[in-house]
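Chains, contacts and geometry: an overview
The residues making up each chain are set out below.
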Amino acid sequence: DDTIVLSDLAKRMGIKAGEMIARLMSNGVMVTVNQTIDFDTATLVAAEFGYEVEKAAFEEETILHTAQPDDPENLSHRPPVVTIMGHVDHGKTSLLDVIRKSRVTAGEAGGITQHIGAYLVSTDKGHIAFLDTPGHEAFSAMRSRGAHITDIVILVVAADDGVMPQTVEAINHAKAAKVPVIVAVNKMDKPDADPDRVQRQLAEIGVTPEAWGGDTIFVHVSAKQETGIDELMEMILLQAEVLELKANPDKLASGHVVEAKLDSGRGPVATVLVKEGTLKTGDPVVCGVHHGKVRALIDDRGRKVDQAGPSHPVELIGLSGVPMAGDEMVALKDEKDAKQVGQHRFQKQRAKELAKTSRLSLDKLYERM
Ligand code: GDP
Ligand code: MG
């Protein structure tokens, strides 16, 4: 169902929409400005004005999905991508802050982290990428859009409070996404901390600790006193090993948007998490319905970098517009292809929106009749 909105086609050809409508009408095709026409009609009318419509723009599938599966010997280990979830006030933000503070700066100069929505943390035993607790809705929204970003969920449960509604919700999200859970029993410093109760409550809803014959790792931590953090990091890397997370770094990158914004100075800025391949400055990219060429890549410490490999989060500058969280990002060889695919998607989305609004106004019209 390849279509283009008439006004978009006219605009791209640099002619008046009315002129195009008239020409179509004389060919027996009745359309209005906001209606869509199919590829064949577009080709026909464009030819009348001396244009050729490139079929490639209508064949994004062939442009984007010609990649061959990776040869196992081209795969190397990649860092796990971790999301912290749990009930409000159980310490998600505090825990992430401690992790970020203690790990990011260790042995690395200029350690102040920028808020870009994702962080790469280094430990003696390897790197871990953390998503900045996106909230449960964002997590499920991304998942429903097919973005499988997270490898491991850290479920934070306050030792004094125990299992609460959003704890259960988080477990359900993780289960639905088939992502393994590591339980961080937080606030162990509190006098009324009762980790055994947390363990019992979770076992009752199917999250059973290894000690009780289940397969869930439990770690006792205190974000406040910064205890248990090393063990938590170790457990994440252990779980990652079990998952055998691998990717081929030696190809064009693909990944997902974690967050995006319009920056007054830099234009559209998208934080992308590379899933496989390596994203490089100068790469043509398609990102959601937008396209562009990577003008600059900025890491989570605000430093300009030339490239970003698997599980590495970077800010990408150079897109034609602001994508949505969860959107797929794909690097292409050819800038022209990126532009065509991007524009094609953009038009498709516009056509959908216009179809919605014209249906709405028709409904209104009928209401009045
Ligand atoms: P979030 O809503 O899950 O992000 O929770 P926050 O990180 O904002 O923490 C909620 C409250 O719990 C804050 O007042 C924190 O200072 C406090 N808190 C977090 N972790 C700990 C901890 O390990 N021990 C104690 N005593 N308080 C904590
Ligand atoms: Mg928080």
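Scope of this entry: the structure provided in the associated data block. (Residues numbered from 1 in each chain as written. Chains lettered and ligands numbered in written order. Predicted model: local features only at pLDDT ≥ 70, side-chain atom pairs only at ≥ 80, totals over all residues. Heavy atoms only, no water.)

**What about the sheet that holds strand 4 (residues 81-86)?**
With respect to topology, 6 strands assemble into an open sheet ordered 5-6-4-7-8-9, the strand pairing being mixed. Strands at the two margins of the open sheet, each flanked by one partner only, are strand 5 (118-123) and strand 9 (217-220). The sheet shows a mean angle of 30 degrees between the axes of neighbouring strands, taken without regard to direction. The pairing of strand 4 with strand 7 (residues 152-158) spans 5 bridges and is parallel. Within strand 7, the position partnered with Met-85 by the bridge is Leu-155. Along the sheet face, helix 9 (residues 229-243) touches strand 4, strand 5, strand 6 (126-131), strand 7, strand 8 (181-186) and strand 9 and points at about 95 degrees away from the line of strand 6. (Pairing = 2+ DSSP bridges. Helix = DSSP H or I, 4+ residues; strand = E, 2+ residues; numbered from the N terminus. Axes fitted to C-alpha atoms, helices over the stretch in contact; angles between N-to-C directions. Contact = heavy atoms within 4.5 Å.)

**Some points on the nonpolar core**
Formed by 27 residues in total, the largest nonpolar core has its most connected members in Leu-95, Phe-130, Ile-154, Ile-182, Leu-232 and Ile-236. Secondary-structure elements contributing two or more residues to this core are strand 4, helix 5 (92-104), strand 5, strand 6, strand 7, strand 8, strand 9 and helix 9. No other element matches the 7 residues that helix 9 contributes to this core. Discounting chain neighbours no more than four positions away, the residues touching Ile-182 are Ile-152, Val-153, Ile-154, Leu-155, Ile-217, Val-219, Leu-232, Met-235, Ile-236 and Gln-239. The next biggest cluster of nonpolar side chains, apart from the first, holds 19 residues, and it includes Leu-155, Ala-170, Ala-177 and Val-179. (Core = buried A, V, L, I, M, F, W, Y, C linked by side-chain atoms within 4.5 Å. Buried < 20%, exposed > 50% of the residue type's maximum accessible area, 1.4 Å probe, protein only.)

**Remarks on the packing of aromatic side chains**
Scanning the entire structure with this criterion turns up 0 aromatic pairs. The ring of Tyr-119 has Arg-100 sitting right over it, with the charged end atom 4.2 Å from the ring centre. (Phe/Tyr/Trp six-rings, centres within 6.5 Å; stacked < 30°, edge-to-face > 60°. Lys NZ or Arg CZ within 6 Å of the ring centre and 35° of its normal.)

**Comments concerning the site of ligand 1**
As a structural note, the neighbourhood of ligand 1 is formed by 15 residues, with Asp-89, Lys-92, Thr-93, Ser-94 and Asp-189 the closest of them. Here Thr-93 contributes a side-chain N or O atom positioned 2.8 Å from an oxygen atom of ligand 1. At a separation of 3.2 Å, an oxygen atom of ligand 1 approaches a polar backbone atom of Lys-224. Compared with its free state, where it exposes 580 Å², ligand 1 has 71% of that area covered by protein. Grouping the amino acids of the shell around ligand 1 by side-chain chemistry returns 2 nonpolar, 7 polar and 6 charged. (Near = heavy atom within 4 Å. Polar contact = N/O pair within 3.5 Å; in protein donor to acceptor, adjacent residues only side chain to side chain. Areas by Shrake-Rupley, 256 points an atom, 1.4 Å probe, with all protein chains shown as cover. Nonpolar A, V, L, I, M, F, W, Y, C, P; charged D, E, K, R; others polar.)

**Here's the deal with the pattern of salt bridges**
According to the stated counting rule, one finds 13 salt bridges in the structure shown. Between Lys-251 and Asp-70 there is a salt bridge, and its shortest N-O distance comes to 2.9 Å. Linking Lys-251 in the loop between strand 10 (246-247) and strand 11 (254-263) with Asp-70 in the loop between helix 4 (60-64) and strand 3 (76-77), this pair joins segments that are 181 residues apart in sequence. Taking the relative accessible area as the measure of exposure, Lys-251 reaches 25% and is therefore partly exposed. The closest approach of N and O atoms between Glu-276 and Lys-251, which form a salt bridge, is 3.5 Å. Within this pair, whereas Glu-276 is found in strand 12 (residues 267-276), its partner Lys-251 is found in the loop between strand 10 and strand 11, the two being separated by 25 residues in sequence. Members of the salt-bridge network, linked through shared partners, are Lys-261, Asp-263, Arg-266 and Glu-315. (Salt bridge = Lys/Arg side-chain N within 4 Å of Asp/Glu carboxyl O.)

**Points about the packing of helix 1 (residues 6-13) against helix 2 (residues 17-26)**
Orientation of helix 1 relative to helix 2, taken along the N-to-C sense of each, is 115 degrees, at an axis distance of 9 Å. Classed by the angle they form, the pair helix 1 and helix 2 counts as roughly perpendicular. Judged by the sense of rotation from one axis to the other, the crossing of helix 1 with helix 2 is right-handed. Taken together, the residues of helix 2 that come into contact with helix 1 (itself represented by Leu-6, Leu-9, Ala-10 and Met-13) are Ala-17, Met-20, Ile-21 and Leu-24. Residue classes in the contact of helix 1 with helix 2 are distributed as 8 nonpolar, no polar and no charged. (Parallel < 35°, antiparallel > 145°, perpendicular 65-115°, else oblique. Left-handed = near helix turned anticlockwise from the far one by under 90°.)

**Some points on the side chain of Asp-283**
Mapped onto the elements, Asp-283 comes out in the loop between strand 13 (279-280) and strand 14 (284-287). Put simply, Asp-283 is tucked away with no salt bridge, and the nearest opposite charge, on Lys-280, sits 6.5 Å away. Within the structure, Asp-283 has its side chain in polar contact with the backbone nitrogen of Lys-280 (distance 2.9 Å). Discounting residues that sit within four places of it in the chain, Asp-283 has contacts with Thr-278, Gly-292, Lys-293, Val-294 and Ala-331. (Lys, Arg positive; Asp, Glu negative; His and termini not counted.)

**Overview of the environment of Val-322**
Within the secondary structure layout, Val-322 lies in the loop between strand 18 (313-319) and strand 19 (328-331). The sequence separation of Val-322 and His-291 amounts to 31 residues, and the corresponding C-alpha distance is 9.8 Å. Each residue touching Val-322, except ones within four places of it in the same chain, is listed here: Ala-260, Lys-261, Leu-262, Pro-268 and His-290.

**A look at helix 7 (residues 165-176)**
Its 12 residues place the ends of helix 7 17 Å apart at the C-alpha level, agreeing with the 16 Å of an ideal helix rising 1.5 Å per residue. Where helix 7 terminates, the next one or two residues include Lys-178, which has phi positive at roughly 55 degrees. (Expected span 1.5 Å × (residues − 1).)

**Thoughts on the environment of Val-181**
Tracing the chain through its elements places Val-181 in strand 8. Residue classification places Val-181 among the buried positions, given a relative accessible area of 17%. Sequence spacing of Val-181 and Thr-216 is 35 residues, and the spatial spacing of their C-alpha atoms is 6.7 Å. What Val-181 contacts, discounting residues up to four positions off in sequence, is Val-153, Leu-155, Ala-174, Thr-216 and Ile-217.

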